[in-house]
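# An overview of the molecular structure
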Amino acid sequence: MIRGSCCCGGVRFELTAPPTMMGTCHCSRCRKAGAGNLVFVKRETFRWLAGRELVESYIPDPPFTLARQFCRRCGTALGEPFATEGAGFPVNAHCLDDDPIVRNRFHEWVSAKPAWYEICDGAKQFAEDPVKAPATA
């Protein structure tokens, strides 16, 4: 089991299997939400232990579509555990209390990265969305 929680401990969850991968998003929205390091989990491996009722959603204005979830008590960004599409969803890697086993595989939206931040690993880099843009390094 891989346990996860928010800062105040009100929201707690576990993963019954390691995430499928980890990635870092450098877009301003992910950075400001405090959820740039994400692990991608299969829906069937995620289980709420406590605090689901403490989870709030931020619904962005169009053209953005991804709702972000956070603990309403402490503000910890959780990722997107309420996502309804697809076989899985991203979870803020910083919420994991145990080693997720996986390591960072990519950096996306590197073109939006602040000048003061240096990427210090060998993971693939994409100027924008990896699905739409070729790797830059």
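That block above? That's the structure.
Worth saying up front: this structure is predicted, and the values here are computed from it rather than measured.

## Side note on empty space enclosed by the protein
Tallied over the full model, the rule gives one cavity of 30 Å³ or more. In terms of lining, the largest cavity is formed by V11, F13, F46, W48, L78, P81 and V91. Here the lining of the largest cavity is built from residues that sort into seven nonpolar, no polar and no charged.

## Digging into the nonpolar core
By size, the foremost hydrophobic cluster in this structure holds 19 residues, and its most contacted members are V11, V39 and V91. Contributions of two or more residues to this core are made by β2 (12-15), β4 (37-42) and β9 (88-92). Ignoring anything within four residues of it in the chain, the contact list for V39 reads P19, M21, M22, F89, P90, V91, A93, L96, P100 and V102.

## Considering the pairing of strand β10 (residues 104-108)
Burial analysis of β10 places four of its five residues in the buried class, the great majority of the element. Where strand β3 (residues 21-25) and β10 come together, four bridges link them in parallel fashion. By the bridge assignment for β10, M22 is matched with N104.

## Observations concerning the layout of surface pockets
Size it by volume and the largest pocket reaches roughly 570 Å³. Lining the largest pocket are 22 residues, with C25, L66, E108, W109 and D129 positioned closest to its centre. Contributing elements (two or more residues each) for the lining of the largest pocket: β3, α1 (28-33), β4 and β10. Along the lines of polarity and charge, the residues of the lining of the largest pocket split into 14 nonpolar, one polar and seven charged. If you go around the second largest pocket, you meet 14 residues; those closest to its centre are L66, E80, A83, T84 and E85. Considering every element that reaches the lining of the second largest pocket, the biggest residue donor is β9, with three residues. Considered class by class, the residues forming the lining of the second largest pocket number seven nonpolar, five polar and two charged.

## Observations concerning the environment of K113
Following the sequence through the fold, K113 ends up in the loop between β10 and β11 (124-125). For K113 and A123, which are 10 residues apart along the polypeptide, the C-alpha to C-alpha distance reads 15 Å. If we ignore the near neighbours within four places in the chain, the residues touching K113 are H26 and I119. Here the side chain of K113 touches Y117 through a polar contact of 2.6 Å, landing on its backbone oxygen.

## Considering the sheet that holds strand β1 (residues 2-5)
Pairing is antiparallel in the open sheet, where three strands are placed in the order β1-β2-β5. Since the sheet does not close on itself, it has two edges, and those belong to β1 and β5 (46-50), each with one partner. The average undirected angle you get between the axes of adjacent strands in this sheet is 25 degrees.

Reading guide: rules and limits
- Residues numbered from 1 in each chain as written.
- Predicted model: local features only at pLDDT ≥ 70, side-chain atom pairs only at ≥ 80, totals over all residues.
- Heavy atoms only, no water.
- 1 Å grid on protein atoms, 1.4 Å probe; cavity = no way out; pocket = protein on both sides within 12 Å on 5 of 7 lines; lining within 4 Å.
- Points joined across faces, edges and corners; volume = space filled by probe spheres on them.
- Nonpolar A, V, L, I, M, F, W, Y, C, P; charged D, E, K, R; others polar.
- Core = buried A, V, L, I, M, F, W, Y, C linked by side-chain atoms within 4.5 Å.
- Buried < 20%, exposed > 50% of the residue type's maximum accessible area, 1.4 Å probe, protein only.
- Helix = DSSP H or I, 4+ residues; strand = E, 2+ residues; numbered from the N terminus.
- Contact = heavy atoms within 4.5 Å.
- Pairing = 2+ DSSP bridges.
- Polar contact = N/O pair within 3.5 Å; in protein donor to acceptor, adjacent residues only side chain to side chain.
- Axes fitted to C-alpha atoms, helices over the stretch in contact; angles between N-to-C directions.

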